[in-house]
Amino acid sequence: MGQVVLVTGAARRLSGRLIRRLQRAEGVDAVLAVDTVTPRHPIGDAEFVETDIRHPAVGALIARRGVNTVVHLDVGGGTAPHRRSRATVKETNVIGTMQLLGACQKAPSVRRLVVRSSTHVYGGAPRDPAVCRETTVSGSVPGGGFAEDTVEVEEYVRGFARRRPDVAVTVLRFADILGPTADEALAGYLTLPVLPTVLGYDPRLQFVHEDDALAALELAAGEARRGSLAAGTFNVAGDGVLLLSQCARRLGRPVLPLVRPALSWAGTALRTVGIADFSPEYVRLLTHGRVVSTALMRETLGFSPEYTTAEALADFAGRHGPGLLPPRAVAGAVDRFEEAVRRA
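All figures in this text were calculated on a predicted structure; none of them were measured in a lab.

How should I be thinking about the packing of helix 2 (residues 57–65) against helix 3 (residues 86–106) in this particular structure?
Where helix 2 contacts helix 3, the axes come no closer than 9 Å and their chain directions differ by 30°. Looking at the two axes, helix 2 sits roughly parallel to helix 3. Regarding helix 2 and helix 3, the two cross each other, and that crossing is right-handed. In this structure, helix 2 contributes V58, G59 and I62 to the contact, and helix 3 contributes Q99, L100, A103 and C104. Of the residues belonging to the contact of helix 2 with helix 3, the class tally is five nonpolar, two polar and no charged.

Looking at this structure, how should I read the pairing of strand 6 (residues 168–174)?
A regular strand places its side chains so that they alternate between the two faces of the sheet. The buried fraction of strand 6 is high, at seven of seven residues. With burial as the criterion, each face of strand 6 is covered, one bearing A168, T170, L172 and F174 and the other bearing V169, V171 and R173. Pairing of strand 6 with strand 11 (residues 232–236), which is carried by five bridges, proceeds in the parallel orientation. Bridge assignment links T170 to a residue of strand 11, and that residue is G232.

Just to check I follow, could you spell out helix 6 (residues 210–221) for this structure?
Compared with an ideal rise of 1.5 Å per residue, which puts twelve residues at 16 Å, helix 6 spans 17 Å between its outermost C-alpha atoms and is within 8% of the ideal. Burial runs high along helix 6: nine of the twelve residues are buried. The set of residues buried in helix 6 consists of E210, D212, A213, L214, A216, L217, L219, A220 and A221.

I'm lost on a nonpolar patch on the surface in this one. Help?
On the surface, a nonpolar cluster with roughly 340 Å² of combined accessible area is contributed by V194, L256, L324 and L325. Here V194 shows up in the loop between helix 5 (185–190) and strand 8 (195–198).

Would you mind going over the packing of helix 3 against helix 4 (residues 145–163) with me for this structure?
Angle between the axes and distance between the axes: these two values describe a pair of packed helices. Where helix 3 contacts helix 4, the axes come no closer than 10 Å and their chain directions differ by 5°. One way to sum up the angle between helix 3 and helix 4 is to call them roughly parallel. Every residue of helix 4 that contacts helix 3 at R86, K90, N93, V94, T97, M98, L101, C104 and Q105 is listed here: G145, F146, E148, D149, E152, V153, Y156, V157, F160 and R163. When the residues that make up the contact of helix 3 with helix 4 are grouped by side-chain class, the tally is nine nonpolar, four polar and six charged.

Got a minute to help me understand the nonpolar core in this structure?
Considering soluble globular proteins, one finds that nonpolar side chains tend to be buried as a cluster. The biggest cluster of nonpolar side chains holds 33 residues, and the ones touching the most others in it are L172 and F174. Broken down by secondary-structure element, the contributors of at least two residues to this core are strand 1 (3–8), helix 1 (13–24), strand 2 (28–35), strand 6, helix 6, strand 11 and helix 10 (295–301). Per-element accounting of this core gives the leading share, seven residues, to helix 6. Once you skip the residues sitting within four places of it in the chain, L172 turns out to touch V114, V115, R116, S117, S118, A216, L217, A220, F234, V236 and L301.

Mind showing me how you'd approach the pattern of salt bridges here?
When their charged atoms lie close together, side chains carrying opposite charge are able to pair. Counted by the stated rule, this structure contains 17 salt bridges. Among the salt bridges present, the one from R112 reaches E223, with a minimum N-O distance of 3.9 Å. One end of the pair, R112, is in strand 5 (residues 112–118); the other, E223, is in the loop between helix 6 and strand 11, with 111 residues separating them in the sequence. Exposure remark for R112: the relative accessible area of 9% places this residue in the buried category. Take E223: its relative accessible area is 64%, and that puts it in the exposed class. In this structure, a network of salt bridges that share partners links the residues K90, E148, D149 and E152.

Honestly, the environment of L100 in this entry has me stumped. Any pointers?
Structurally, L100 can be placed in helix 3. With 45 residues separating them along the chain, L100 and H55 place their C-alpha atoms 8.6 Å apart. Apart from residues lying up to four places away in sequence, L100 is in contact with T8, I53, V58, I62, V70 and H72.

Explain the environment of T170 here, please?
Locating T170 in the fold gives a position in strand 6. What makes T170 buried here is its relative accessible area of 0%. Separated by 131 residues in the primary sequence, T170 and L301 have C-alpha atoms spaced 9.5 Å apart. Excluding its chain neighbours within four sequence positions, the residues that come into contact with T170 are L113, V114, V115, A220, A230, A231, G232 and F234.

Rules of the game
- Residues numbered from 1 in each chain as written.
- Predicted model: local features only at pLDDT ≥ 70, side-chain atom pairs only at ≥ 80, totals over all residues.
- Heavy atoms only, no water.
- Axes fitted to C-alpha atoms, helices over the stretch in contact; angles between N-to-C directions.
- Helix = DSSP H or I, 4+ residues; strand = E, 2+ residues; numbered from the N terminus.
- Parallel < 35°, antiparallel > 145°, perpendicular 65-115°, else oblique.
- Left-handed = near helix turned anticlockwise from the far one by under 90°.
- Contact = heavy atoms within 4.5 Å.
- Nonpolar A, V, L, I, M, F, W, Y, C, P; charged D, E, K, R; others polar.
- Buried < 20%, exposed > 50% of the residue type's maximum accessible area, 1.4 Å probe, protein only.
- Pairing = 2+ DSSP bridges.
- Expected span 1.5 Å × (residues − 1).
- Patch = residues over 30% accessible without salt bridge, like charges linked within 9 Å, V, L, I, M, F, W, Y side chains within 5 Å.
- Areas by Shrake-Rupley, 256 points an atom, 1.4 Å probe, with all protein chains shown as cover.
- Salt bridge = Lys/Arg side-chain N within 4 Å of Asp/Glu carboxyl O.
- Core = buried A, V, L, I, M, F, W, Y, C linked by side-chain atoms within 4.5 Å.

Given below as structure tokens:
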């Protein structure tokens, strides 16, 4: 008997790609895709089960199908494939996770649990460490939004790990995910024609390419490689750091510096009209930035990303095209201006 894998949040684009990859993985017999709405993207031969992880039905499904591995991806902000209220998103993130963990605890067949988390658990404050490690405790606990949800989700996951020590539990804290098809919150922000920023701040940012995020999830869902341990909490991010101003120049997008209260107001307006999911945690990110250590990812998990932070941004930019200020055009204009001044 091979693995029976259950993946939550199947309607999310990243989940759909993971579901198709898992079906091709060695030793996987069946993949169950769970969500409240039918995915708009293909999921291969996976069996789609329309159910809500907040309801006890998910426990009956795990027990009936003898699920061995649970990959919990239905943890996120407001960038769901189906537009939901903040209250519904929080219930899915927190209550849904509690219900899912309760079902896993009762199911003796479950042997592996992989949970998607985020580096937003570290918060964002001027006195936070320059580089956050998995053991870092932020001085500013996120107050509200997706960041607060991830903190609560991880607390419940740690409780589950204590109650079921026989289950290999892996929490992957992803940096913001970019790539040609990424539909994450920061990706929506970076596609704006003009990027609102915090006046006087130029934060450091890290990204992880969507292909690397998928590879890390697939690795964590399988048996640990020799010399590695696919259990624990790991930061997942590409090498290198970019300043927000560098990102804007490489994307060819002008910036609009605003005082922080005005940026918060602009974020609320953008979120209200559905242009971008500009939640409070991203205001903190665009103020103070965040850099994480990936030493455990390499040394313990045994995973090395294919893309650096800069390469992930470049691949994202290649899909979305140049902005209002294409870097090459701007560079050419500057060269022509310098030549004209020299001749004059």
